[in-house]
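Overview (structure and organization)
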Amino acid sequence: MAINIYNTLTRKKEPFQPLEEGKVKMYVCGPTVYNYIHIGNARPAIVFDTVRRYFEYRGYDVHYVLNFTDVDDKLIKAANEMGEGVTEIANRFIAAYKEDVGALGVKEAVDHPRVTENMDEIVDFIQGLIDKGYAYEAGGDVYFRTRSFDSYGKLSHQSVDELRSGSRIEVGDKKEDPLDFTLWKNAKEGEITWESPWGTGRPGWHIECSAMAKKYLGDTIDIHAGGQDLTFPHHENEIAQSEAHNGESFARYWMHNGYINIDNEKMSKSLGNFILAHDLVKKHDPQVIRFFMLSVQYRHPINFSDELLKGAKSSFDRIKNAYENIQHRKTTSMNLQEDLSWIEKVEKLKEQFIKEMDDDFNTANAISVLFDLTKTANLYLQEEQTHEKVLRAFEEAFEELAGVLGIVLSSQEELLDEEIDALLEERKQARKNRDFERADQIRDELKDRNIILEDTSQGTRWKRG
Ligand SMILES: [Zn+2]
């Protein structure tokens, strides 16, 4: 069965066919690193990390690229306000981004390119567009000649004439046409700049993604993804630049995630309902936040409130409890009579989970399957006698399916006193048998669990560190 993806370009679900067998080339637009990210930016991080994990689960090798915009107007403004350099601010918020999304279970990208480290490629890309007649220089700026790209508007499903009616040339504008957009900006006094054939300046926002996608993934990529708000103009402009420059189709599948509302209102600074991921992960279990974000299919809007997050926590705990009860029962399981019908039930649920994820990564339905697994596990636990093999099948299914969603159910449990005593007895025997390797292994293991040993003439004592 193929994985079906809703493609913004065609407005249809399409079976995924990779450019290269077993591989996925995926580019996700990353943050502008001038501040901590808000939960609206955390959503694409979690959603597309889950897409990546699912592809990996299905055996694909995913080349996942997420860029950092580390120079732009907002960064320059922030640098001026804070009396710091643009690079220092970018470094600080790149580290914060990695920390915050890392807490939310997001894996590091294979490549995290930064604009300032790819300036040569960006300048070359712009020069290539000028050479082909798709771009022009005007007073130290460079613009893309939008009308020269025939299929402009194909991603956002708008015609150039529709767009034209809403825009006009401003006084002092250097553009030939109001639809033209900036590729290179002439430097203002005191701003951070780079050398270029058009004088000192810095790149516009859209061009960086075209240049970096080409450098890290090639002319044509499998999947390009980002928040819904990036569809126009950012992604539309990326397509125009890349296809004009490379003469090839740019991305085969375009994925966009829906918005986040806060208490049914749009998140905005003026409403004062701006929630930073950085604060949220400190107040709530990040696993629960991730679980909450995935409880809605990624294309739909999601509403966030404390009440809803609380609800997500109790749902999450129900799954976790069933998993822990299964684990716990394993230690007392005696029955040798196998009942394979339970294992079959577990297998069926796994198949169902895959079917839901194959349908445009429907994590909402996949989570419903996790609840079915929970119910089934609870029913099994009511049996008077349980079999270890069945318990293990449940345990593995919980770990496997939650793992695909980037959720870890197991928490390292504290060792019980009896367990420590048993390990110490084993260590004593090992030493008696001159098996010092095993003895040391046990000591190290206990040390890892924060148990401190003290060898005395009366034997070994232990205490919790
Ligand atoms: Zn981008």
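We now turn to the structure provided with this report.

Here is what the cut-offs are and how they apply
- Residues numbered from 1 in each chain as written.
- Predicted model: local features only at pLDDT ≥ 70, side-chain atom pairs only at ≥ 80, totals over all residues.
- Heavy atoms only, no water.
- Pairing = 2+ DSSP bridges.
- Helix = DSSP H or I, 4+ residues; strand = E, 2+ residues; numbered from the N terminus.
- Axes fitted to C-alpha atoms, helices over the stretch in contact; angles between N-to-C directions.
- Contact = heavy atoms within 4.5 Å.
- Donors = N, O, S within 2.8 Å, 3.2 Å for Na, K, Ca; no water.
- Tetrahedral: all angles 85-135°; square planar, octahedral: opposite > 155°, others 65-115°.
- Buried < 20%, exposed > 50% of the residue type's maximum accessible area, 1.4 Å probe, protein only.
- Phe/Tyr/Trp six-rings, centres within 6.5 Å; stacked < 30°, edge-to-face > 60°.
- Lys NZ or Arg CZ within 6 Å of the ring centre and 35° of its normal.
- Patch = residues over 30% accessible without salt bridge, like charges linked within 9 Å, V, L, I, M, F, W, Y side chains within 5 Å.
- Areas by Shrake-Rupley, 256 points an atom, 1.4 Å probe, with all protein chains shown as cover.
- Salt bridge = Lys/Arg side-chain N within 4 Å of Asp/Glu carboxyl O.
- Lys, Arg positive; Asp, Glu negative; His and termini not counted.
- Charge placed at Lys NZ, Arg CZ, Asp CG, Glu CD.

What follows is about the sheet that holds strand 10 (residues 251-257). Picture the strands of a sheet paired through backbone hydrogen bonds; they go either parallel or antiparallel. Read across the open sheet, the four strands follow the order 4-3-9-10; overall the sheet is parallel. Each edge of the open sheet is held by one strand with a lone partner, namely strand 4 (61-66) and strand 10. Adjacent strand axes in the sheet meet at a mean angle of 20 degrees, parallel and antiparallel pairs treated alike. By the bridge criterion, six bridges tie strand 9 (residues 221-227) to strand 10 in an arrangement that is parallel. Counted as the bridge partner of I221 is A251 from strand 10. The strands that helix 6 (residues 205-217) touches are strand 3 (23-28), strand 4 and strand 9; relative to strand 3, the one it contacts most, it runs at about 155 degrees.

Protein ligation of the zinc ion involves C29 (SG), C209 (SG), H234 (NE2) and E238 (OE), the donor distances falling in the range 2.1 to 2.6 Å. Considering all four donor atoms around the zinc ion, the spread of angles at the metal, 76 to 129 degrees, places the coordination shape in the irregular class. Between the donor residues of the zinc ion, the gaps in sequence give the motif C-x179-C-x24-H-x3-E. Here the residue C29 occupies a position in the loop between strand 3 and helix 1 (39-57), and E238 occupies one in helix 7 (residues 231-246), the gap between them amounting to 209 residues. Note on E238: relative accessible area 0%, which makes it buried.

Applying the stated criterion to the full structure yields 21 aromatic pairs. Among the aromatic side chains, those forming a connected cluster through ring pairs are F16, Y54, F55, Y57, Y60, Y253 and F361. Above the plane of the ring of Y6 lies R299, whose end atom (NZ or CZ) is 3.9 Å from the centre. Positioned above the aromatic ring of W342, the side-chain terminus of K345 is 4.0 Å from the ring centre.

The grouping of D263, E265, D306 and E307 at the surface amounts to a negative patch. By secondary structure assignment, the location of E307 is in helix 10 (residues 306-330). For E307, a relative accessible area of 56% gives the class exposed.

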